[in-house]
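Per-entry structural report
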Amino acid sequence: PDQPHSPRCWKHSGHGWLGPAESIARSCNVYFYECGRKLGLGRLVWGLEKWGFGYQPGLDLNPAEELPGLMPSEGAGLNEAVLIGIGQGQISATPLQVANAHAALARGGYFTNPVIMMHRQDEQDGYDLHLPPNVVDTAWQGMHDSANEDYGTAHHINYPDFGHEPILTLPGATYRTKTGTAQTRMKRWIDLNRNGERETGELFGGNYGWFVCHVTPDGADRAKYVIVVVVEYGGSGGKVSGPLTNQILYAMKAEGYL
């Protein structure tokens, strides 16, 4: 029988009592495990589908290039709901799906299918997610604090012997962020000696590091860009994907987008 899942937070000492915004900023697993448990699998799946997960994005590409991701199978129970509360378990998504969902959040809760070319924006289909304003504000506040408060997981990187350094350093914009570390059991073969044969020491594992960033240029009233970076087997989202996001921001500045 399906028994309640009782995993621990990534912070072994725990975070104590937290509200939703601070839980986002601190990436508190236990808070979102509990959200998954209370919502239940059916409501979680229904909600995720509204945000585009489990479906092809609708770019009119070859079906093999437009993956729908993975959603839980029928019969999955409470354990699965708990895990999906933090994006683990029987669920997977592409960077495009995550970016499109966050673009909807950046709009205040209006979802559209993505387009590749800006001049095709009038071809986008969309619908209102009917998010209460306080829900949007809470999500935005949590992501803002993630990037801008010392306790935020996207604020800085700690180095045991050298102190710490900020993750996002480009001035001229306000950032809202969310970090993520997705576990995987799969391993990747890297042909280190390029002989075409799998040999001892050439299988590598580890977690996938995710980083999402809403970018609001100074003077703008809402986010203008959403950046999503995932590094397969990269480990921590904040430590690995965060600095890559920072480099993307500097490239955007050099190209005149910021």
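Everything quoted here is computed from the prediction, not taken from an experiment.

1. Brief notes about the sheet that holds strand β9 (residues 225-231)
- The three strands lie next to each other as β5-β8-β9, forming an open sheet whose pairing is antiparallel. Two strands bound the open sheet, and with one partner strand each, they are β5 (173-182) and β9. On average, each strand axis in the sheet is inclined to that of its neighbour by 15 degrees, with strand direction left out of account.
- Pairing analysis gives ten bridges linking β5 to strand β8 (residues 208-217), with the strands arranged antiparallel. Among the inter-strand pairings, Arg176 is bridged to a residue of β8, identified as His214.
- The sheet strands contacting helix α4 (residues 95-106) are β5, β8 and β9, and the helix crosses β9 at an angle near 150 degrees.
- Each of β5 and β8 touches helix α5 (residues 133-148); the most contacted strand, β5, lies at about 90 degrees to it.

2. Description of the nonpolar core
- Judged by nonpolar contacts, the single largest core of 23 residues is most densely connected at Leu48, Phe53, Met71, Ile84, Val98, Trp210 and Val228.
- No other element matches the five residues that helix α2 (residues 29-50) contributes to this core.
- Contacts of Met71, omitting those with residues within four sequence positions, involve Val45, Leu48, Glu49, Phe53, Gly54, Gln90 and Ile91.

3. A closer look at the layout of surface pockets
- Considering only enclosed or pocket space, the second largest pocket measures out at about 910 Å³ in volume.
- In terms of lining, the second largest pocket is formed by 23 residues, of which the most central are Ala103, Gln121, Lys224, Tyr225 and Val226.
- For the lining of the second largest pocket, the secondary-structure elements that each account for two or more residues are α4 and β9.
- At five residues, the largest contribution of residues to the lining of the second largest pocket is made by α4.
- Each residue belonging to the lining of the second largest pocket can be placed in one class, and the counts come to 17 nonpolar, three polar and three charged.

4. Regarding the pairing of strand β4 (residues 163-166)
- Bridge analysis of strand β3 (residues 156-159) against β4 gives four bridges, and the strand direction is antiparallel. Paired with Ile157 across the bridge in β4 is Glu165.
- Counted between consecutive antiparallel strands, the loop separating β3 from β4 contains three residues.

5. Some remarks on the side chain of His102
- On the secondary structure map, His102 appears in helix α4.
- Judged by relative accessible area, His102 falls into the buried class, the value being 16%.
- Only 2.9 Å separates the side chain of His102 from the side chain of His214, close enough to count as a polar contact.
- Other than its neighbours up to four places away in sequence, His102 contacts Met143, Val212, His214 and Val226.

6. As for α2
- Spanning 22 residues, α2 covers only 23 Å between terminal C-alpha atoms, well under the ideal 32 Å at 1.5 Å per step.
- At Gly40, α2 shows its largest bend, some 100 degrees.
- Where α2 is concerned, the buried positions are Asn29, Phe32, Tyr33, Gly36, Gly40, Leu41, Leu44, Val45, Gly47 and Leu48.
- Taken together, the buried residues of α2 touch α1 (20-26) and α3 (78-84).

7. Quick notes on the pattern of salt bridges
- This model, assessed by the stated rule, comprises three salt bridges.
- For the salt bridge of Arg26 with Glu22, the shortest nitrogen-to-oxygen distance reads 2.6 Å. You can see Arg26 and its partner Glu22 sitting in helix α1, four residues apart, about one turn around the helix.
- Overall, the relative accessible area of 27% leaves Glu22 in the partly exposed class.
- Ionic pairing is found between Arg188 and Glu232, a salt bridge with its closest N-O pair at 2.1 Å. Here Arg188 is found in strand β6 (residues 188-189), whereas its partner Glu232 is found in the loop between β9 and α6 (237-254), with 44 residues between them in sequence.
- The exposure class assigned to Glu232 is partly exposed, which follows from its relative accessible area of 38%.

Calculation criteria
- Here, residues in each chain are numbered from 1, in the same order as that chain's written sequence.
- In keeping with the model being predicted, local features are shown solely for residues with a pLDDT of at least 70 and side-chain atom pairs are shown and tallied solely at 80 or more, while totals for entire chains, interfaces and linings include all residues.
- The basis for every side-chain value is the complete set of non-hydrogen atoms in the structure, without hydrogens or water.
- Pairing between strands requires that DSSP locate at least two bridges from one strand to the other.
- Labels follow the DSSP assignment, with helices taken as runs of H or I lasting at least four residues and strands as runs of E lasting at least two, numbered in each case from the N terminus.
- The angle between two axes is taken between their N-to-C directions and runs from 0 to 180 degrees, where each axis is a line fitted to C-alpha atoms and a helix contributes only its stretch in contact.
- Contact between two residues is taken to exist if any of their heavy atoms lie within 4.5 Å; hydrogens are not considered.
- By convention a nonpolar core is built from buried Ala, Val, Leu, Ile, Met, Phe, Trp, Tyr and Cys residues, the set being connected through side-chain atoms within 4.5 Å.
- Buried residues are those whose accessible area, probed at 1.4 Å on protein chains only, stays under 20% of the maximum for their type, while exposed residues exceed 50% and partly exposed ones sit between those limits.
- Cavity: a set of points on a 1 Å grid over the protein atoms alone where a 1.4 Å probe fits but cannot get out. Pocket: an open set with protein on both sides within 12 Å along at least five of seven lines, its lining residues, like those of a cavity, having an atom within 4 Å of a point.
- Grid points are joined across faces, edges and corners, and a volume is the space filled by probe spheres set on the points.
- Three residue categories are used. Nonpolar comprises Ala, Val, Leu, Ile, Met, Phe, Trp, Tyr, Cys and Pro, charged comprises Asp, Glu, Lys and Arg, and polar comprises the others, including Gly.
- The term polar contact refers here to a pair of N or O atoms within 3.5 Å; inside protein, the definition further demands a hydrogen-donor-capable atom paired with an acceptor-capable atom, and it admits residues adjacent in sequence only when both atoms are side-chain atoms.
- Expected span of a helix, by definition, is 1.5 Å for each gap between consecutive residues, and there is one gap fewer than residues.
- Two axes define the bend at a residue: one fitted to the seven residues ending there, one fitted to the seven starting there, and the bend is the angle between them.
- Think of a salt bridge as a Lys or Arg side-chain nitrogen and an Asp or Glu carboxyl oxygen that are within 4 Å of each other.

What is shown is where atoms sit, not what they do.
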